[in-house]
Amino acid sequence: MATSEVVLQVLCGTVPHLFSSDHSISKSNSTCPSRSFLSFRKRRSSRCMQILNCSCILRSGIASHKFPGVVGVSYGNIAIKRLGLLSCNCQHAESLTAEDGNGSWFVDNAKNFNAIQSMVNPPSLLEFEDVHEVKQEKEGLASNGRLPAVGTVRDTLQMASVDSIEDEAWELLRESMVYYCGSPIGTIAAKDPTSSTVLNYDQVFIRDFIPSGIAFLLKGEYDIVRNFILHTLQLQSWEKTMDCHSPGQGLMPASFKVRTVPLDGDDYATEEVLDPDFGEAAIGRVAPVDSGLWWIILLRAYGKSSGDLSVQERIDVQTGIKMILKLCLADGFDMFPTLLVTDGPCMIDRRMGIHGHPLEIQGLFYSALLCAREMLAPEDGSADLLRALNNRLVALSFHIREYYWIDLRKLNEIYRYKTEEYSYDAVNKFNIYPDQIPPWLVEWMPNRGGYLIGNLQPAHMDFRFFSLGNLWSIASSLVTADQSHAILDLIEAKWGDLVADMPFKICYPALEGQEWQIITGSDPKNTPWSYHNGGSWPTLLWQLTVACIKMNRPEIAARAVEIAEKRLSRDKWPEYYDTKRGRFIGKQSQLYQTWSVAGYLVSKLLLADPNTAKILITEEDSELVNAFSCMISANPRRKRGPKSSQKTYIV
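Residues numbered from 1 in each chain as written. Predicted model: local features only at pLDDT ≥ 70, side-chain atom pairs only at ≥ 80, totals over all residues. Heavy atoms only, no water.

Caption draft 1: Focus on the packing of aromatic side chains. Under the criterion given, the structure shown has 20 aromatic pairs. With 6.2 Å between their ring centres and 85° between their planes, Phe398 and Tyr403 make a pair best called edge-to-face. The burial state of Phe398 is the same as that of Tyr403; both residues are buried. Three or more aromatic residues joined by ring pairs form one cluster here, namely Trp440, Trp444, Tyr451, Phe465, Tyr508 and Trp529. Here Lys525 stacks its cationic end above the ring of Tyr531, 4.3 Å away from the centre of that ring. If you follow Arg559 out to its NZ or CZ, it ends over the ring of Trp495, 4.0 Å from the centre. (Phe/Tyr/Trp six-rings, centres within 6.5 Å; stacked < 30°, edge-to-face > 60°. Buried < 20%, exposed > 50% of the residue type's maximum accessible area, 1.4 Å probe, protein only. Lys NZ or Arg CZ within 6 Å of the ring centre and 35° of its normal.)

Caption draft 2: Layout of the pairing of strand 7 (residues 183–187). Most of strand 7 sits inside the fold, with five of its five residues counted as buried. Between strand 6 (residues 177–180) and strand 7, which pair antiparallel one after the other, the connecting turn spans two residues, and Cys181 there sits at a positive phi close to 55°. (Helix = DSSP H or I, 4+ residues; strand = E, 2+ residues; numbered from the N terminus. Pairing = 2+ DSSP bridges.)

Caption draft 3: Quick peek at the side chain of Thr338. Along the chain, Thr338 falls in the loop between helix 10 (315–329) and helix 11 (359–375). Accessibility expressed as a relative area gives 2% for Thr338, which makes it buried. Those residues in contact with Thr338 that sit more than four places away from it in its chain are His357, Gln362, Arg392, Leu396, His399, Ile400 and Tyr404. (Contact = heavy atoms within 4.5 Å.)

Caption draft 4: Focus on the nonpolar core. Trp295, Ile321, Tyr451 and Ile491 are the most contacted members of the largest nonpolar core, which has 157 residues in total. Tallying contributions element by element places helix 11 first for this core, with eleven residues. Excluding anything up to four places from it in sequence, Ile491 contacts Phe465, Leu471, Leu498, Phe504 and Leu544. (Core = buried A, V, L, I, M, F, W, Y, C linked by side-chain atoms within 4.5 Å.)

Caption draft 5: Up close: the sheet that holds strand 12 (residues 450–457). Read across the open sheet, the four strands follow the order 11-12-13-14; overall the sheet is antiparallel. Edge strands, defined here as strands with exactly one partner in the open sheet, are strand 11 (405–407) and strand 14 (507–508). In this structure, strand 13 (residues 460–466) lies alongside strand 14, joined through two bridges in antiparallel fashion. Considered in strand 14, the bridge of Phe466 is made with Cys507.

Caption draft 6: Quick peek at helix 20 (residues 554–565). For helix 20, spanning twelve residues, the distance from its first C-alpha to its last is 16 Å, which sits close to the expected 16 Å at 1.5 Å a residue. Residues Ile556, Ala557, Ala560, Val561, Ile563, Ala564 and Glu565 constitute the buried set of helix 20. (Expected span 1.5 Å × (residues − 1).)

Caption draft 7: Fine view of the environment of Ala493. For Ala493, the position within the fold is in helix 16 (residues 481–493). Sequence separation between Ala493 and Met445 is 48 residues; the distance between their C-alpha atoms is 9.3 Å.

Caption draft 8: Focus on the side chain of Arg401. With respect to the secondary-structure elements, Arg401 resides in helix 12 (residues 383–404). Engagement of the side chain of Arg401 in a polar contact is seen with the side chain of Glu620, the distance being 2.6 Å. (Polar contact = N/O pair within 3.5 Å; in protein donor to acceptor, adjacent residues only side chain to side chain.)

The following block contains the structure:
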């Protein structure tokens, strides 16, 4: 009898929150907003007053952006000065207007507030049609007198549960939003109420914001992404010095924090300032190589999603793109087209033996080059840069496809390598010793499938499977269509190792024993099958989804999302999971990790409308295919002789 009453309540719509799409409705009482929602509305109301009294000022001129080789640059009527600190005076009523269009991105807060308020606080009442539909369903049940099949009720409850998870995720994502001068500018890394040590999880990380930004783009909420792109661009020109040394000017920060500081000359007034971290305060003091690459990828996605190409066409944005490219395309001692970096320059930001030419950086590098080529304005000053960019694209794609690829056939070929070959036509170009093939790989490699190895250097191949690098190589067309399908075949064949109880392994296998001691330095956070050393990261769901949609195999991603849905909300959205199958919440995992939330939401949105994935996918064009074919037919193994003079390009 009790069961029948419960089912009747479900079908009649009286169970609280079950069929409500409004994330602001409390799970315990459908008529009252939740405590967090009330506090959120209170915060928004107080911010409204701040917006009305807030004006954006600059401590050293209207904008700050200095570029190497350019002296006294000005955009329209806006003076560009070095080390200008973006600040917001929230206590004074002075206003500042920019005569040039490039200054308008500081956002008219009073105009944008209503739009943001409507997005964050949707209506909390059911529409009349929904109420009418529930009423009809109730009347139909009373007239029929019979209950539906148990399977139908179970499916209905499961769908309602999934909807509630998505609603919770959106609420968490919006609560993580950071505001500067009254406008949304990003999302913090995590908001864990159980954590006693905040560290830097209260900052806005460039790489962490990418899935958040994509989620907002797919939802049609463009302002926060636009603000993020333009504010981080201003931080690019900051002076970055550690121990009297400064890196290249094109370097983007790893993260930034909005701080409230006393206003100069006024003891009672305060201002908001952006405080960036370029690696000077990071654990290990590693510069974030991937930040600039992700920034370019997000910039292209913003233009394709919103249709607003004015942002990427701005002079300061065009110059920012060129500065990043100059930093990446700079000549060095390396003989390879891959990008040479130190350990920990990307998502894996601790010592994990990925120094050299890690796959993740190469995949992002290739994707950023394609995106930049698409966005760079055709002008005389960009001709040489575009030429260098195209040459690098062809060389990089050939290098990765030819030397990073491994399957059962290639593995057998390496097993039979001859070593110490001295010739221009050597087969074993990198002098790889067959004994380097790890025993686990011989048994692990499936008959059908393959992947890109993690790293390649002289006499060294890192045979570990790194997920982000392989998945983004598919999305960016760094690998061929056949290789892309082979990577997905391997994921399906090794599902129990790479997905298991929680998607997705950041790398496989974990470093253990003496190998772990030597390579990680006995890192207590990167113990075997934890954190970056074989941990499971839910945020990787969105990269998996993009790769699967590109290859028209979305069922793989849907299967992984279904597994994640069973635990993410219940486990409070952890940063990562431990153990070989991902059964435990990570021992040092932050809860309510924003990119775990955003990664799930992006996957759901993309699977619901696969066509939207094209804002992230880059297709290989015919020019690259033709150039690649010419390289193979012309024997790229040997090309010697005097080098023709090349023009230099000025940024």
